[in-house]
Amino acid sequence: METTILVKSSSRDEPYAVAVSSAESGLAIFCDCPAGEWGKYCKHKMAIVLADERILYDEEQRDNFSRVTKWISESGYPDLVQELRESEKALELAKKNVKNQKEKIARLMKEGLK
Ligand SMILES: [Zn+2]
């Protein structure tokens, strides 16, 4: 079973098409944007996984969007998104720590360190 949802593009007027296919092997998600054509991560597929309705091209996408959102909620994607969010948080914390340590080193270089 495959469902296609038209989504907004930030770079052109025509929509992109995100196709979600449900098979024995699981939910596969494709997009025909330049990144998606290469099978890469793209914001269109991610918006569908996140059930972000702002990405929808028009109101005609609602039914398919609802169907796909239900499939996704019953899949492993929400856990993957959670893992991604945790990694992003850890990265932000690491960036903050690096910044603080650099400032501390700069301060000690100015004040002196035994
Ligand atoms: Zn895309």
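Our structure is the block above this text.
Let me sum up the structure you'll find in this document.

## Details of unusual backbone geometry
Logical step 1: With phi around 55°, Ala51 is a residue other than glycine that occupies positive phi space.
Logical step 2: Mapping Ala51 onto the fold places it in the loop between α2 (43-49) and α3 (62-73).

## Describing the sheet that holds strand β1 (residues 2-7)
Logical step 1: With respect to topology, three strands assemble into an open sheet ordered β1-β2-β3, the strand pairing being antiparallel. One side of each edge strand has no neighbouring strand; the edge strands of this open sheet are β1 and β3 (26-31). Geometrically, the sheet is characterised by an average inter-axis angle of 20° between neighbouring strands, direction not taken into account.
Logical step 2: In terms of strand pairing, β1 meets strand β2 (residues 16-23) through six bridges, oriented antiparallel. Looking across to β2, one finds that Thr4 is bridged to Ala19.

## Brief notes about α3
Logical step 1: Across its twelve residues, α3 extends 16 Å between first and last C-alpha, which sits within 8% of the 16 Å expected from 1.5 Å per residue.
Logical step 2: Three or more residues of α3 are buried, namely Phe65, Val68, Trp71 and Ile72. Taken down its axis, α3 places every buried residue within 125° of arc, on the same side.
Logical step 3: In the core, the buried residues of α3 are packed alongside β1, β2, β3, α2 and α4 (77-111).

## Regarding the nonpolar core
Logical step 1: The biggest cluster of nonpolar side chains holds 21 residues, and the ones touching the most others in it are Ile5, Val7, Val18, Val20, Ile48, Val68 and Ile72.
Logical step 2: Among all residues touching Val68, those that are not within four sequence positions of it are Thr3, Ile5, Val20 and Ile48.

## Here's the deal with α4
Logical step 1: Relative to the 51 Å expected for 35 residues at 1.5 Å per residue, α4 spans 51 Å between its end C-alpha atoms, a close match to the ideal helical length.
Logical step 2: Backbone geometry just after α4 places Gly112 at a positive phi near 105°.

What counts, and where the lines are drawn
- Residues numbered from 1 in each chain as written.
- Predicted model: local features only at pLDDT ≥ 70, side-chain atom pairs only at ≥ 80, totals over all residues.
- Heavy atoms only, no water.
- Helix = DSSP H or I, 4+ residues; strand = E, 2+ residues; numbered from the N terminus.
- Pairing = 2+ DSSP bridges.
- Axes fitted to C-alpha atoms, helices over the stretch in contact; angles between N-to-C directions.
- Expected span 1.5 Å × (residues − 1).
- Buried < 20%, exposed > 50% of the residue type's maximum accessible area, 1.4 Å probe, protein only.
- Arc of directions from axis to C-beta.
- Contact = heavy atoms within 4.5 Å.
- Core = buried A, V, L, I, M, F, W, Y, C linked by side-chain atoms within 4.5 Å.

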